[in-house]
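Working through the structure, step by step
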Amino acid sequence: KGDILKSLIRNELFCGIRNLVREGHISLSDIDKIVIAGNTTMIHLLMGYPCESLGTYPFTPYKRGFICSGSDELFGIPEKIPVIMLPAVSAFVGGDITAGLLACGFDNTEKPCLFIDLGTNGELALGNKDRILVTSASAGPAFEGGNISCGVGSIPGAICHVSISDGKISYETINGLSPTGLCGTGVIELVSQLLKEGIIDHTGLFIDDYFDKGFCIDGIRFIQEDIRSLQLAKAAIRAGIEILLKNYGISYEGLDRVYIGGGFGYYLDINKAADIGLLPRDITGKTKAAGNTALAGAVLASTDFRTKDRMEHIISVSKEIHLSDDTDFNDLFIK
C-alpha cells in the first residue's frame, strides 16, 4: 500500500508541475528548483519512508529537517531538478505549518501572535521570535466539507457565503456556479445565521419546525447531525487555542495578531466564525485571513536564500504541546 500511495502522490505532483510548465510556456529544464511544503505524513508517503513511528508514541518522524531529493528520482524524468521538502516541527506539525509561520513572519515578531490552520487536523501555533508553542487538534473533516450530509470541498459551485436577513436567504458559490453543496466556510456561516435568526438555539438544536427536516437552501438540506459535526470540530480548535494560551501564560489581550491559514482562510468570515464560538469575539479586530500560507512560505523558500536559516530558527524555538496530556483539554472541549 505504501508503494501505491507513493506512486499516486508523485504522479499527481508531476501532473501539476507539467500543467504549470505548459501554462507558463516554459520547459522543465527552465525550472531552477522545486520546493514542497506538506504535512509530515504526506512527505513520508511521498518519499517512501516508513510511517509506523508517526502513529505510535513518542511519534517520531523517520527523518527530520530539510529533505533533499531530485526530480529524476521522484518523477523518473531525465531532468535533474533539485527538490527540497521543508522541515517539520514534529510528526503532527509539518512543513506546511513551518512554511506558514515563515510567511507570517513569526521569526521576526516581538509580540506573541497566533497562527491557526484549519483542516482535518487543526494546527495551532502561538509565539514570537523567541518562543513558539505548537499543537495539533483533531478537528475531523467538517471544515473541509466532510461528515456533513450536504458537504463538499472548496470546489466550483460550493456555497461559501450565507446570509439570512428578515427571513430572506442569500448566498454565494465559488466561481458563481449553481450550488452543489456547502463547503466549510458555508457551513460556518449558515450555522451563525441560523443561530442569529433563532432557527437553532444556543446549544445548536433546531427548533421544532426544522428539527425533522433540517434547513434547505435551493434543494440542499442541512440537518441536525451536520450541526453536531461542526460543533465537534469547533470545540477541538477552540479548546486547543485555550490550552496554548494557558501554557504560554498570556490572555487574548496579549495577542498582537491572529492569522487564519489554509485555503479555508480565503473565504472565512471572521465575525461569523466568532458568532459560533470558533474564535473569541475579543480577537476579531486583530484577526487576518491569511490564505494559503503554506504556498506563500514555499514561494519564499524558493526565492530567498535567507529562508533556510529562518525556518531552522522557527523550529529551534518551537515546542509541541500534546493536548491529550493536558488535563484541562477535555473540560474545555465539552464547554
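Quick look at the structure, then. (Residues numbered from 1 in each chain as written. Predicted model: local features only at pLDDT ≥ 70, side-chain atom pairs only at ≥ 80, totals over all residues. Heavy atoms only, no water.)

For helix H1 (residues 2-23), built from 22 residues, the straight-helix expectation of 32 Å at 1.5 Å per residue is met to within 8% by its first-to-last C-alpha distance of 32 Å. Residues Ile9, Arg10, Phe14, Ile17 and Val21 constitute the buried set of H1. All buried residues of H1 project into a common sector of 125 degrees when viewed along the axis, lining one side. Of the exposed residues in H1, those oriented more than 90 degrees away from the buried face are Ile4, Glu12, Arg22 and Glu23. (Helix = DSSP H or I, 4+ residues; strand = E, 2+ residues; numbered from the N terminus. Expected span 1.5 Å × (residues − 1). Buried < 20%, exposed > 50% of the residue type's maximum accessible area, 1.4 Å probe, protein only. Arc of directions from axis to C-beta.)

Relative to the elements of secondary structure, Lys288 occurs in strand E13 (residues 287-291). When its relative accessible area of 43% is taken as the criterion, Lys288 is described as partly exposed. Sequence separation between Lys288 and Leu268 is 20 residues; the distance between their C-alpha atoms is 9.7 Å.

Judged by how many residues are buried, helix H2 (residues 40-47) sits mostly within the fold: six of eight residues are covered. Residues of H2 that are buried include every one of Thr40, Ile43, His44, Leu45, Leu46 and Met47, and no others. Two or three places before Thr41, at the opening of H2, Asn39 has a side-chain oxygen 3.2 Å from that residue's backbone nitrogen. A positive backbone phi angle near 80 degrees is found at Gly48, which sits one or two residues after H2. (Polar contact = N/O pair within 3.5 Å; in protein donor to acceptor, adjacent residues only side chain to side chain.)

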